[in-house]
Amino acid sequence: MAATYRKERLDRGIKARSDDIFALASYRDLAYLLLPRLLLIGGLLLVPLLEGVLGLYWLNVILIACTIALLALSWDLLASVGLISLGHSLFFGVGSYIAGALNYSLGWSPLLTLPVAMVAGALICTLLIYPILRLRGIYFALITLALPLLFMRVIEATKILGGTEGLSSLSPLPGQPLVLYIVLAAVLVCFFGYRRLIDSDYGLVLRAINDNDRSVMASGINIYHYKAQAVFIAALPATFAGAFLTHHYRIVGMPAFSLEYSILPLTSVIVGGQGSFAGALLGALLLVPVSESLRAFGTLRVVLYSVMLVIFTVGLPEGIFPYIRRKYHQFERPVPVEEGS
Amino acid sequence: MSASSILTVSNLTKRFGGVYAVSDLSFDLNPGEALGIIGPNGSGKTTLVNLITGFVKPERGGRVFFRDRNIIGLMPYDIANLGIARSFQMVRPFTHLPAYKNLVVSLFSPKVRKFKGGKYGDRDEMAIDLLEEVGFERDSFVPYKAAGSLPHGYLKRLELARCLALEPDLLILDELFSGMSMSEIASILPLLEKIQAEGTTLIMVEHRLRELFRIVDRVIVLNFGAKIADGAPDEVMEQDEVKRAYMGIEVEPDA
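Report follows, based on the coordinates. (Residues numbered from 1 in each chain as written. Chains lettered and ligands numbered in written order. Predicted model: local features only at pLDDT ≥ 70, side-chain atom pairs only at ≥ 80, totals over all residues.)

**Things to note about the overall build of chain A**
Selection criterion: Going along the chain from the N terminus, every DSSP run of H or I of four or more residues is numbered as a helix, and every run of E of two or more is numbered as a strand. Every radius of gyration here is taken over C-alpha atoms, with the globule rule written as 2.2 Å times N^0.38, N being the number of residues. Remark: residues whose backbone-derived C-beta atoms lie within 7 Å of one another are considered to be in contact.
Tallying secondary structure elements over chain A gives 14 helices and two strands in all. Its C-alpha atoms give chain A a radius of gyration of 22 Å, near enough to 20 Å, the size a compact globule of 341 residues would have. Principal-axis analysis of the C-alpha atoms gives chain A an extent of 80 × 60 × 45 Å. The long-range share in chain A, meaning contacts at least 24 apart out of those at least 6 apart in sequence, stands at 78%.

Written out as structure tokens, the structure reads:
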């Protein structure tokens, strides 16, 4: 009888060595740790220099991909606390409208409206979501789905903030050729900041709330405060993305609350892989350009896009990034299966 | 209520629909006392624990005083920070986190942070020390494994360690021994005796009577949510009503 084999998955020796402080032992171990990070930072910072190759259109696509990446990172942080949001356009829209309104009616410069919209927007969103933090799972998701729609209808019905026409001819962002760098820097700061946060003891509590909130309560930790803080921290990049795109397009309107800004971050995280932030980033930087390149197919675009999503979620349910990470950290080898075991 | 008691439960009632899970229950607990709560399945033992720790709200009129302060209406985390720690009968670990990181969550709670302090990394050390105390092998890989992949006996001890991390004045253990092997229980008993000797007040809800009676000096027997006996273990177990309700022994068939 032919021997049967099973696949065995083992950590590479270098992974075990570089898991801890021993990483400093050699340049090789150091490179093993630093390579993926440098690849990301270098790759992102090089993009604006490729204008000659890519052309202005694709640079703009990358800029949009970066704003979606900010939303996806934000979505991933909320999901790490167990809050699944179906209405991420709430954060995006609130940030957009605050920046737009401040610039339109008070004439504030974008240098001022960006930080103000980011912080004030995050505060407003946290206050809006605070009452529903006691809800979990699908109930929380359902209400977040309703909140941006509510904003849309209020703006439509009361005709405040420009009503259906929105606020136009806003100030452009200063330093035009370098605009892409602003959003790239935001993505990098947000990405590494979140990674650090979730690895700290504070982040540990956030992940524990996702795992089992009753145990966290029994440990004397006010989970509602922590959830509210998580919402605020998660809202920051999303409101920034909204304010940024408002000034980039020089117009803000009701589409800022549209479903697109809720669904794209969600699909980015699902395709890229939840929980590591790298997956969210990768997903957004892949999905947005792919969706743009499908424009040539006209109405078939949505069909092709959906088929691709289905293939990804069925074929790689863990997400692209966890798959790549596994390949980087582990190797597989066939092991003969012993008789009788 | 007596002035010296650490915990006073008075007229506590909880109804689920038409069923009285706990009905008009009152008792006092002195500091340093070890109280066992026993009773058949469904007699309201876990509901009583949930009522004291704020996970379930009682019917109107019930009061629980902890050091002369009414704690009914407080949230579970506020009660935990007052110094009452509880374990869960169904273990509730953070399955995705390594065992020792489970304890870091407790060590990060406001009360513990205040008197223990500690930066990032310090709490990892404290957690490993605590795990060793409840019987995790310090130098093995066990404390570093994901809690979800640990055997049940370890999870029970992890649950106990999570409570000890809070350095409680009142420790409520909800069926700590259930699902643990004899040798595991034997290894944990000296620790419980030590905790009690150090002055921690203890409430143990338990079905394993022999092991329970090694630790507690007083037992309350519940049946259908009501207290049917209260006193020293051997006296209580001699009462006919207790035998009938708890052991299912018909003492006097014609009575």
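Right, picking up where we left off after that structure.
**Digging into the packing of helix α3 (residues 51–80) of chain A against helix α12 (residues 278–293) of chain A**
Residue and element names in this part refer to chain A. Basically, it comes down to this: Here an axis means a line fitted to C-alpha atoms, over the contact stretch when the element is a helix, while the angle between two N-to-C directions is reported on a 0 to 180 degree scale. Should an angle lie under 35 degrees it is considered roughly parallel, over 145 roughly antiparallel, and from 65 to 115 roughly perpendicular; all remaining angles are considered oblique. Crossing handedness is read from the near helix: turned anticlockwise from the far helix by less than a right angle, it gives a left-handed crossing, and turned clockwise, a right-handed one.
Relative to each other, α3 and α12 sit at 140°, their axes nearing to 8 Å. Taken together, the axes of α3 and α12 are oblique relative to one another. Crossing of α3 over α12 shows right-handed handedness. On α12, the residues touching Val61, Ile64, Ala65, Ile68, Ala69, Ala72, Leu73, Trp75 and Asp76 of α3 are Ala280, Leu281, Gly283, Ala284, Leu285, Val288, Pro289 and Glu292.

**Brief notes about the pairing of strand β4 (residues 63–66) of chain B**
All names here are of chain B. Cut-off, in case you're wondering: Exposed residues have 12 or fewer other C-beta atoms within 10 Å of their own C-beta, buried residues have 20 or more, and residues in between are partly exposed; the C-beta atoms are placed from the backbone. Pairing between two strands requires that DSSP report at least two bridges joining them.
Side chains Val64 and Phe66 of β4 all project onto a buried face; the interleaved residues Arg63 and Phe65 project onto a face where none is buried. Two strands pair when backbone bridges link them, and strand β1 (residues 7–16) and β4 are joined in this way by four bridges, in the antiparallel orientation. Note that in β4 the partner of Ser10 across the bridge is Arg63. Summarising the sheet, β4 and strand β5 (residues 69–70) pair through two bridges and their orientation is antiparallel. What sits directly across from Phe66, in β5, is Arg69. Between β4 and β5, which pair antiparallel in sequence order, lie two residues; one of them, Arg67, sits at a positive phi of approximately 50°.

**A short note on the nonpolar core**
All names here are of chain A. What counts here: Joining buried Ala, Val, Leu, Ile, Met, Phe, Trp, Tyr and Cys residues through C-beta atoms within 7 Å gives a set, and that set is a nonpolar core.
Counting residues in each nonpolar core, the largest one holds 164 residues, and the members touching the most others are Ala69, Leu70, Leu73 and Leu281. In terms of residue count, helix α10 (residues 223–249) provides more of this core than any other element does, 14 residues in total. Contact partners of Leu73, with chain neighbours within four places excluded, come to Cys190, Phe191, Tyr194, Pro237, Phe277, Ala280 and Leu281.

**Notes on the sheet that holds strand β7 (residues 170–174) of chain B**
Residue and element names in this part refer to chain B. Strand order in the open sheet formed by six strands is β6-β7-β8-β3-β9-β10, and the pairing between neighbours is mixed. Looking at the sheet topology across the chains shown, the edges are occupied by β6 (84–86) and β10 (226–231). For this sheet, the mean angle separating the axes of adjacent strands, direction not counted, is 15°. Examined bridge by bridge, strand β9 (residues 218–223) and β10 share five bridges and lie antiparallel to one another. The partner of Asn223 across the bridge, within β10, is Ala226.

**What to know about the interface of chain A and chain B**
Contact with chain A, which involves 17 residues of that partner, is made by 23 residues of chain B. Of all elements in the fold, only α8 (201–211) and α9 (213–218) of chain A reach the threshold of two or more residues within the side of chain A that touches chain B. Among the elements that take part in the side of chain A that touches chain B, α8(A) stands out by supplying six residues, more than any other.

**Considerations on unusual backbone geometry**
With the exception of glycine, most residues fall at negative phi, and the peptide bonds are largely trans. Residue and element names in this part refer to chain B. Positive phi, close to 50°, is recorded for Asn11, a residue that is not glycine. Its location among the elements puts Asn11 in strand β1. Phi is positive for Phe224, which is not a glycine, with a value near 50°. Take Phe224: it is sitting in the loop between β9 and β10.

**Quick notes on helix α3 (residues 99–107) of chain B**
When you tally the buried positions in α3(B), you get nine out of nine residues, the bulk of the element. Here α3(B) has its buried residues at Ala99(B), Tyr100(B), Lys101(B), Asn102(B), Leu103(B), Val104(B), Val105(B), Ser106(B) and Leu107(B). In the core, the buried residues of α3(B) are packed alongside α8 and α9 of chain A together with α4 (110–116), α5 (122–133) and α6 (152–165) of chain B.

**Observations regarding the pairing of β7(B)**
Residue and element names in this part refer to chain B. This is how the line gets drawn: Crossovers are described as right-handed under a simple rule: with the strands pointing away from the observer, the path leading from the first strand over the helix to the second runs clockwise.
Within β7, five of the five residues are buried, which leaves the element mostly enclosed by the surrounding structure. Of the two faces of β7, the one holding Leu170, Ile172 and Asp174 and the one holding Leu171 and Leu173 are both buried throughout. Of the strand pairs in this sheet, β6 and β7 are connected by three bridges, and their pairing is parallel. Within the sheet, the bridge partner assigned to Ile84 lies in β7 and is Leu170. Two elements, β7 and strand β8 (residues 201–205), share five bridges in a ladder whose sense is parallel. Residue pairing in the sheet places Leu171 in a bridge with Leu202 of β8. Note on the crossover from β7 through helix α7 (residues 182–197) to β8: the handedness is right-handed.

**Observations concerning the environment of Ile138(A)**
Residue and element names in this part refer to chain A. Looking at where Ile138 falls in the secondary structure, it is placed in helix α6 (residues 137–158). Residue classification places Ile138 among the exposed positions, given that 9 C-beta atoms sit within 10 Å. Each C-alpha atom, one on Ile138 and one on Leu86, is 9.6 Å from the other, the two residues being 52 residues apart in sequence.

**A look at α7(B)**
Since the α-helix turns once every 3.6 residues, residues separated by three or four places project in the same direction. Residue and element names in this part refer to chain B. Just so we agree on the cut-off: The length a helix should cover is 1.5 Å for every residue beyond the first. Bend at a given residue is defined as the angle between two axes, one fitted to the seven residues that end at that position and one fitted to the seven that begin there.
Across its 16 residues, α7 extends 23 Å between first and last C-alpha, which sits within 8% of the 22 Å expected from 1.5 Å per residue. The largest bend in α7 comes to about 25°, at Ile188, with the proline Pro190 one to four residues further on. Of the positions making up α7, those classed as buried are Ile188, Leu192 and Ile195. Close packing links the buried residues of α7 with α6, β7, β8 and α8 (209–215). Looking one or two residues past α7, Gly199 carries a phi angle of roughly 105°, positive in sign.

**What about the packing of α3(A) against helix α7 (residues 179–199) of chain A?**
Residue and element names in this part refer to chain A. Defined as follows: Side-chain classes follow a simple rule in which Ala, Val, Leu, Ile, Met, Phe, Trp, Tyr, Cys and Pro form the nonpolar group, Asp, Glu, Lys and Arg form the charged group, and the remainder, Gly included, forms the polar group.
Orientation of α3 relative to α7, taken along the N-to-C sense of each, is 20°, at an axis distance of 10 Å. With respect to α7, the axis of α3 lies roughly parallel. In this structure, α3 meets α7 at a crossing whose hand is left-handed. The residues of α7 that touch α3, namely those facing Leu59, Leu63, Cys66, Thr67, Ala69, Leu70, Leu73, Leu77 and Ser80, are Leu180, Val183, Leu184, Ala186, Val187, Cys190, Phe191, Tyr194 and Ile198. The class makeup of the residues in the contact of α3 with α7 is 16 nonpolar, two polar and no charged.

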